[in-house]
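One letter stands for each residue in the lines below.
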Amino acid sequence: MDKLRIKISGNVPPAIIESFNDMLVIVVIELAASLISFTCVSVSGMEIHDMINAVIQKPMVGIATNLPAFLCYFGFGQCLCYFVGIHPAGVINPIFEPALMVAMEENNAAWLAGEAAPHIITLPFRDVYGTLGGIASTLGLIIAIFLVSKKRKDLRSIAKVSLPTSVFNINEPMLFGLPIVFNPIMLIPFCFTTTVIYIVAYVATALGLCSCEIKK
């Protein structure tokens, strides 16, 4: 790397020298990007972003909008991550959320063209049906505690603390206070609640009982 650095003699301020060195790096990166783009167009006839869309984005959208796969990573997998104390926002979301956003844009484009929406599963589908009161829709669990667990003051205390944040889909007080994290008794209902909700929502949408389109 030292060989690529520009050496200027004399009373030149260090900031000026560093700016020239940064400029050299930018030129090298631009030349490399241009060479890669030229090679892609020459070989495949597609620009590099079109190739990325065809090779990576399109298959990812297909996987992300497939119900069994969706249930694996957002229905069961996401809850399992929470159960073992790993936040899925840094594990699952960066992989699949972009594909779900693309599916949402394709639905919007189809609606603008007067066509039927091609995807049932999109990012709003996940957020609307699977995070009511937080991951695994724990707002329902809070309501159940208020209705049934009248003799368990500890559970009711946690539910009271968690209710205000759960209204805004933040259920960490419930996850760590009940607790659900590392609680094997809660593992099955926690991991499969969202899965059941997504299946019901998908079937209802497929039957036309719910809409995945914007109505005029």
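Residues numbered from 1 in each chain as written. Predicted model: local features only at pLDDT ≥ 70, side-chain atom pairs only at ≥ 80, totals over all residues. Heavy atoms only, no water.

Caption draft 1: Structural detail: the overall build of the chain. A tally of regular secondary structure across the chain gives 9 helices and 0 strands. Reading the secondary structure of the chain in the N-to-C direction produces α-α-α-α-α-α-α-α-α. Every one of the 216 residues in the chain was classed for burial, and the buried ones make up 32%. Taking the contacts inside the chain whose residues are at least 6 apart along the sequence as the reference set, 56% of them involve residues at least 24 apart. Working note: accessible area of the chain is about 13,400 Å², and carbon and sulfur atoms make up 71% of it. (Helix = DSSP H or I, 4+ residues; strand = E, 2+ residues; numbered from the N terminus. Buried < 20%, exposed > 50% of the residue type's maximum accessible area, 1.4 Å probe, protein only. Contact = heavy atoms within 4.5 Å. Areas by Shrake-Rupley, 256 points an atom, 1.4 Å probe, with all protein chains shown as cover.)

Caption draft 2: Geometry of helix H3 (residues 67-83). Taking 1.5 Å as the rise per residue, H3 with 17 residues should run 24 Å; its terminal C-alpha atoms sit 22 Å apart, in good agreement. Of all the bends in H3, the largest measures some 40° and sits at Gly77. Within H3, 13 of the 17 residues are buried, which leaves the element mostly enclosed by the surrounding structure. One side-chain oxygen of the residue at the start of H3 lies 3.3 Å from the amide nitrogen of Ala69, identifying that residue as Asn66. Directly after H3, the chain includes Gly85, whose backbone phi takes a positive value near 85°. (Expected span 1.5 Å × (residues − 1). Bend = angle between axes of the 7 residues up to and from the residue. Polar contact = N/O pair within 3.5 Å; in protein donor to acceptor, adjacent residues only side chain to side chain.)

Caption draft 3: Quick peek at the nonpolar core. One finds Phe70, Tyr73, Phe74, Leu100 and Phe125 to be the most contacted residues of the largest nonpolar core, which totals 21 residues. Listed by contribution, the elements that provide at least two residues to this core are helix H2 (48-64), H3, helix H4 (93-112), helix H5 (123-130) and helix H9 (184-206). Sort the elements by how many residues they give to this core and H3 lands first, with 7 residues. With residues up to four places along the chain from it excluded, the contact list for Leu100 reads Ala64, Phe70, Tyr73, Phe74, Ile121, Thr122 and Leu123. Membership of the second largest hydrophobic core comes to 16 residues, among which are Tyr82, Ala136, Phe190 and Cys191. (Core = buried A, V, L, I, M, F, W, Y, C linked by side-chain atoms within 4.5 Å.)

Caption draft 4: Representation of the pattern of salt bridges. One pass over the full model with this rule turns up 3 salt bridges. With its nearest N and O atoms 2.7 Å apart, the salt bridge here joins Asp127 to Arg126. Of the charged contacts in the structure, one is a salt bridge between Asp154 and Arg152, with a shortest N-O distance of 2.9 Å. On the accessibility criterion, Asp154 (43% relative accessible area) is partly exposed. Salt bridges here are not isolated pairs; linked through shared partners, they connect Glu97, Arg126 and Asp127. (Salt bridge = Lys/Arg side-chain N within 4 Å of Asp/Glu carboxyl O.)

Caption draft 5: The packing of helix H6 (residues 139-148) against helix H7 (residues 153-166), seen in detail. Remark: H6 packs on H7, axes separated minimally by 9 Å, with the N-to-C direction vectors making an angle of 140°. By the angle between their directions, the pair H6 and H7 is classed as oblique. Two packed elements cross with a definite hand, and for H6 against H7 that hand is left-handed. Of the residues in H7, those touching H6 at Leu139, Ile142, Ile145 and Phe146 are Leu155, Arg156, Ala159, Lys160, Ser162, Leu163 and Ser166. Class assignment for the residues of the contact of H6 with H7 results in 7 nonpolar, 2 polar and 2 charged. (Axes fitted to C-alpha atoms, helices over the stretch in contact; angles between N-to-C directions. Parallel < 35°, antiparallel > 145°, perpendicular 65-115°, else oblique. Left-handed = near helix turned anticlockwise from the far one by under 90°. Nonpolar A, V, L, I, M, F, W, Y, C, P; charged D, E, K, R; others polar.)

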